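So the chains spell out like this:
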Amino acid sequence: MKFLKFLGTRIITFVLVIMIGVTTIFFVPRFMPSDPVENMIGQMISKQSNMTPEAIQLYRESLSDTFGLEGSLGEQYVGFLKKVFVTGDFGPSLAAYPTPVMDMVRRAVPWTLGLMLTSTLISWLLGNFIGLLAGFRKNKWYAKILEGMAVFLYPIPYYVFALALIMIFCYVIPVFPLSMTLDNMAFDWSTISTILKNSILPALSLILVGLGWWVISTKALTTSVVEEDYVYYAKLKGLSQQRIMMRYITPNVALPQITTLALQIGGVFNGALITEILFGYPGLGKLIYTGIVQADYNLIMGTITISIVSITIATFVVDIIYPFLDPRIRNT
Amino acid sequence: MLKLTNVCAQYETGHDVVRAVDHVNLEIRENEIMGIAGESGCGKSTLMKLMYGLIEYPLSLTDGSIELKVAEGGGRHGTFLNEDIQKQWWKGISYVPQGAMHVMNPVSKIKSQFFDAVCDKSKDKKQLEKEIAEYLNELELPREVLSAYPHQLSGGMRQRVLIALATFLNPEIVFADEPTTALDVVVQRGILNMLSRVHKKTKNSMVMVSHDMGVHYQITDRLCIMYAGQVLEVGPTMKIFENPRHPYTQMLIHALPRIGDNSQKEGIKGAPPSLKNPPAGCRFSPRCPHCADECRKKRPTETWLDDGHMASCHLLTGKRRESFAEMEGK
């Protein structure tokens, strides 16, 4: 019963957060001084100046209709909500008219998910493992070397690091292609190998840059957990080092790290903006970038709504599963 | 059982050296509860660590030896020296820590903390759980605590669980480091009763560290009074309370409130010496009302009085002995 109440409040918060996010993303572009319909008509007039005012007016109305810009702001908002929540439709892309935004998103999502999920998970697992080792075996030489590498990696700005990787592995030693070249999308070995070959460098850059932070944070957590009374007492119980590490330190260190991981996985739908731009990777990040550069309102709204919803879902899932991981906040 | 011979130990902190335990001779006998009393920073806990074989940086043993003799089954006895005592952890000697608040893993159930400490792979878990539940029952603890998490138990309950945890494998010596700290007197009494019940049942030895003289009076058989890293007086608890021989013990016991006694109690003036640079002679001399020249210069020797009652004070030897006895008589 208490759990249901807890679940209920979480669901209400969940819905509220999404509503506020979607509302913001609806209103912000509309407060901008430029109007996409006027922009488009302006472009058209500059190309062919022999349009009659009637034709322009007709054009304006039909464009407003297709873009969902008819009527007052309130009416537009209600129409937008109806479209988004009932049919999941964000309208056509303005830049790639008339491709629906949802189609573009649908095409980009598998790319982003494949790249981001694998690199985030690998980075998390590896970083936590190294961090635990570095914190638990503080005085060992290998722990010091691993930690040193993490400290070296962490402060490098991502774009510098990614560019360095591109320079080394695409120009100096050209083992990887500079940008994505995919001819056919048939599901066969050559397609898979091309995808892998194209994804290794962006994935590597993400893993290594993420690794630094995971190692440093896990190491800090581990050093503080190692000094807890219960770890000291476990030692006095005569338990082996492995057992202390597995049963006493790892679960207590992993708790906060799982939260951060879940939030990062929610953020995966943002795509890695810089990665995808630098490596020419056809994911969601590149889509957001395209939308912003070409002032494509529908595309911006579509991609950002997807990322708002996914981050909120991730937070929601963490809230729900956390009591199962940490007995101290379990509602009984 | 456990014998400490001329034990000296020190902490190294950077360039400083703190001699926390200095020339201590002590013996824990079979089937007794030994109390160790003294004020904060007198070396009680350090002595406990040494006896438990927990000798590691920054603590080091500079002189003397600690010898543990335990039965190893089949009538054989094993002797363990200094750090080797660690091999007997939990089987031969166990430890009840102070501050039960933070010594249990917050994310695992009491049950699995028992399994952890027992570490016996020959028994299957169901059987083991049954045995643990029976043992808890004997100690008047509800079976339900096994499936609870540490945060769901009260402080007193946690301390009881820890005592059960430390005594489950029936070790020959149980160390209890201030087991009643931070608990109210009613719970304290419960804990002390439980400890003496366990002691009566198992006939094992127990070492109890506490600064609370009341606790020692209630439960211990013998008592050891420590001051500034040295043992000043050792003897049967009743004798020490009735007839303390060292001036420090006398003042300590005189300061305890008694029922029906309304006189103003006085503390011992001054503060314990720094262990970095202790006084040359008797370490209590700067605060002792009977202090003479020899006290400041020469370390007093251990003087055995009657029936295993020992005190180390110049007043008990040499010329001043008679005058002191006379004064005590008054």
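What you are looking at is a predicted structure, and each value in this text was computed from that prediction instead of being measured. Per-chain numbering applies: the sequence of each chain, read as written, is numbered from 1 onward. Following the order in which they are written, the chains are lettered starting with A and the ligands numbered starting with 1. Local features are withheld for residues below a pLDDT of 70 in this predicted model, meaning they are given only at 70 or higher, and side-chain atom pairs are given and counted only at 80 or more; totals for whole chains, interfaces and linings count all residues.

The next subject is the overall build of chain B. The number of helices and strands found in chain B is 10 helices and 12 strands. Radius of gyration: C-alpha atoms only; globule rule: 2.2 Å multiplied by the number of residues to the exponent 0.38. Its C-alpha radius of gyration of 21 Å places chain B within 12% of the 20 Å reference for a compact globule of 330 residues. Along the longest, intermediate and shortest principal axes, the C-alpha atoms of chain B span 70 × 45 × 40 Å. Burial in this document is a count-based property: other C-beta atoms within 10 Å of a residue's C-beta are tallied, and the residue is buried at 20 or more, exposed at 12 or fewer, or partly exposed in between, with C-beta positions derived from the backbone. The buried share among the 330 residues of chain B stands at 38%. Contacts are defined on C-beta atoms placed from the backbone: any two residues whose C-beta positions lie within 7 Å are in contact. Across chain B, contacts joining residues at least 24 apart in sequence account for 62% of those joining residues at least 6 apart. The way it works is that DSSP assigns letters per residue, a run of H or I at least four long becomes a helix, a run of E at least two long becomes a strand, and they are numbered from the N terminus.

Take the overall build of chain A next. The helix and strand inventory of chain A stands at 13 helices and zero strands. Along its sequence from the N terminus, chain A presents helices and strands in the succession α-α-α-α-α-α-α-α-α-α-α-α-α. In terms of overall size, chain A is more extended than a compact globule, its C-alpha atoms giving a radius of gyration of 25 Å where 332 residues would be expected to give roughly 20 Å. With the C-alpha coordinates of chain A rotated into their principal frame, the extents come out at 90 × 60 × 40 Å.

This part is about the packing of helix α2 (residues 110-118) of chain B against helix α3 (residues 125-138) of chain B. In a pair of packed helices, the angle between the axes and the distance between the axes together describe the arrangement. All names here are of chain B. To get an axis, fit a line to the C-alpha atoms, keeping to the stretch in contact for a helix; angles then go from 0 to 180 degrees between the N-to-C directions. Across the interface, α2 lies against α3 with an axial gap of 11 Å and an inter-helix angle of 105 degrees. It follows that α2 is roughly perpendicular to α3 by the angle criterion. Where α2 approaches α3, its residues Lys-111, Phe-114, Phe-115 and Val-118 are matched on the opposing element by Lys-125, Leu-128, Glu-129 and Ile-132. As a working rule, the residues Ala, Val, Leu, Ile, Met, Phe, Trp, Tyr, Cys and Pro are called nonpolar, Asp, Glu, Lys and Arg charged, and the rest polar, with Gly in that last group. Class assignment of the residues belonging to the contact of α2 with α3 gives a composition of five nonpolar, no polar and three charged. Convention used here: angles under 35 degrees read as roughly parallel, angles over 145 as roughly antiparallel, angles from 65 to 115 as roughly perpendicular, and any remaining angle as oblique.

Further remarks concern the sheet that holds strand β1 (residues 2-13) of chain B. Residue and element names in this part refer to chain B. The pairing criterion is simple: DSSP has to find at least two bridges between the two strands. The strand order across the open sheet formed by four strands is β2-β1-β4-β5, and the pairing between neighbours is antiparallel. A strand with exactly one partner marks an edge of an open sheet, and here the two such strands are β2 (16-28) and β5 (77-81). When strand polarity is set aside, the average angle formed by the axes of neighbouring strands in this sheet is 20 degrees. Relative to strand β4 (residues 59-71), β1 runs antiparallel, the two sharing eight bridges.

This brings us to the packing of helix α5 (residues 101-136) of chain A against helix α12 (residues 284-293) of chain A. Residue and element names in this part refer to chain A. Packing of α5 against α12 brings their axes to within 8 Å, and their N-to-C directions diverge by 140 degrees. The orientation of α5 relative to α12 falls into the category oblique. In this structure, α5 contributes Met-104, Val-105, Ala-108, Val-109 and Thr-112 to the contact, and α12 contributes Leu-284, Gly-285 and Leu-287. Grouping the amino acids of the contact of α5 with α12 by side-chain chemistry returns six nonpolar, two polar and no charged.

Attention shifts here to the sheet that holds strand β3 (residues 33-37) of chain B. Across the sheet, eight strands lie side by side as β6-β7-β8-β3-β9-β10-β12-β11 (chain B); this open sheet has mixed pairing. On the outer flanks of this sheet lie β6 (93-96) and β11 (303-304) of chain B, each paired with one strand and no other.

This part takes up the environment of Tyr-142 of chain A. Residues and elements named next belong to chain A. Summarising the element assignment, Tyr-142 is placed in helix α6 (residues 141-153). For Tyr-142, a count of 11 C-beta atoms within 10 Å corresponds to the exposed category. Between the C-alpha atom of Tyr-142 and that of Ile-130, which follows or precedes it by 12 residues, the distance is 9.9 Å.

On to the nonpolar core. Note on definitions: a nonpolar core is a set of buried residues drawn from Ala, Val, Leu, Ile, Met, Phe, Trp, Tyr and Cys, linked by C-beta atoms within 7 Å. Formed by 130 residues in total, the largest nonpolar core has its most connected members in Phe-175, Ala-176, Val-207, Cys-224 and Met-226 of chain B. In terms of residue count, α5 of chain A provides more of this core than any other element does, 13 residues in total. In contact with Ala-176 of chain B, not counting residues within four places along its chain, are Val-96, Leu-195, Met-206, Val-207, Met-208 and Val-209 of chain B.

Let us look at the environment of Thr-222 of chain A. Residues and elements named next belong to chain A. Checked against the element boundaries, Thr-222 lands in helix α8 (residues 189-226). Overall, the presence of 24 C-beta atoms within 10 Å leaves Thr-222 in the buried class. Residues Thr-222 and Ser-307 lie 85 residues apart in sequence; the distance between their C-alpha atoms is 32 Å. Ignoring sequence-local partners within four residues, the contact set of Thr-222 consists of Gly-131, Leu-132, Gly-135, Phe-136, Ile-249 and Val-253.

Bringing the interface of chain B and chain A into the picture now. The interface is formed by 16 residues belonging to chain B together with 16 residues belonging to chain A. Here the side of chain B that touches chain A is built from residues that sort into 10 nonpolar, five polar and one charged.

Residue and element names in this part refer to chain B. Note the cis peptide between Tyr-57 and Pro-58, where omega equals 5 degrees. Mapped onto the secondary structure, Pro-58 falls in the loop between α1 (44-51) and β4. Residue Asn-31 is not a glycine yet carries a positive backbone phi of 55 degrees. Despite not being glycine, Ala-228 has its phi angle at roughly 50 degrees, a positive value. With respect to the element layout, Ala-228 can be found in the loop between β9 (222-227) and β10 (230-236). Classification of Ala-228 by C-beta neighbours within 10 Å gives buried; the count is 23.

Here we come to the UniProt feature "transmembrane region" (unreviewed entry) in chain A. Residue and element names in this part refer to chain A. UniProt positions are given in the numbering used here, feature names are shortened, and annotations may be inferred rather than shown by experiment. The UniProt feature table records "transmembrane region" (unreviewed entry) at residues 12-32, 111-136, 156-179, 199-216, 253-279 and 299-325. Along residues 111-136 one finds 100% helix and 0% strand; the C-alpha atoms at either end are 37 Å apart. For residues 199-216, the helix share is 100%, the strand share is 0%, and the end-to-end C-alpha distance is 26 Å.

Residues and elements named next belong to chain B. Its place among the elements puts Lys-3 in strand β1. Accessibility expressed as a C-beta count within 10 Å gives 17 for Lys-3, which makes it partly exposed. Leaving out residues up to four positions away in the same chain, Lys-3 has contacts with Glu-27 and Glu-67.

Now for helix α4 (residues 155-167) of chain B. All names here are of chain B. Each residue after the first adds 1.5 Å to the expected span of a helix. Compared with the 18 Å implied by 1.5 Å per residue over 13 residues, the 19 Å span of α4 between its first and last C-alpha is a close match. In terms of burial, α4 is a largely internal element, 10 of the 13 residues being buried. Within α4 the residues assigned to the buried category are Arg-158, Gln-159, Arg-160, Val-161, Leu-162, Ile-163, Ala-164, Leu-165, Ala-166 and Thr-167. At its buried positions, α4 is contacted by β6, α2, α3, β7 (173-177) and α5 (185-202).

Here we take up the domain arrangement of chain A. Residue and element names in this part refer to chain A. An automatic or database domain assignment provides the domain bounds reported here. Examined at the domain level, chain A breaks down into domain 1 (2-87) and domain 2 (111-157 + 210-329). Counting residues at the interface gives 11 residues for domain 1, matched by 12 residues for domain 2. The element contributing the most residues to the side of domain 1 that touches domain 2 is helix α1 (residues 2-30), with nine residues. Considered class by class, the residues forming the side of domain 1 that touches domain 2 number nine nonpolar, one polar and one charged.

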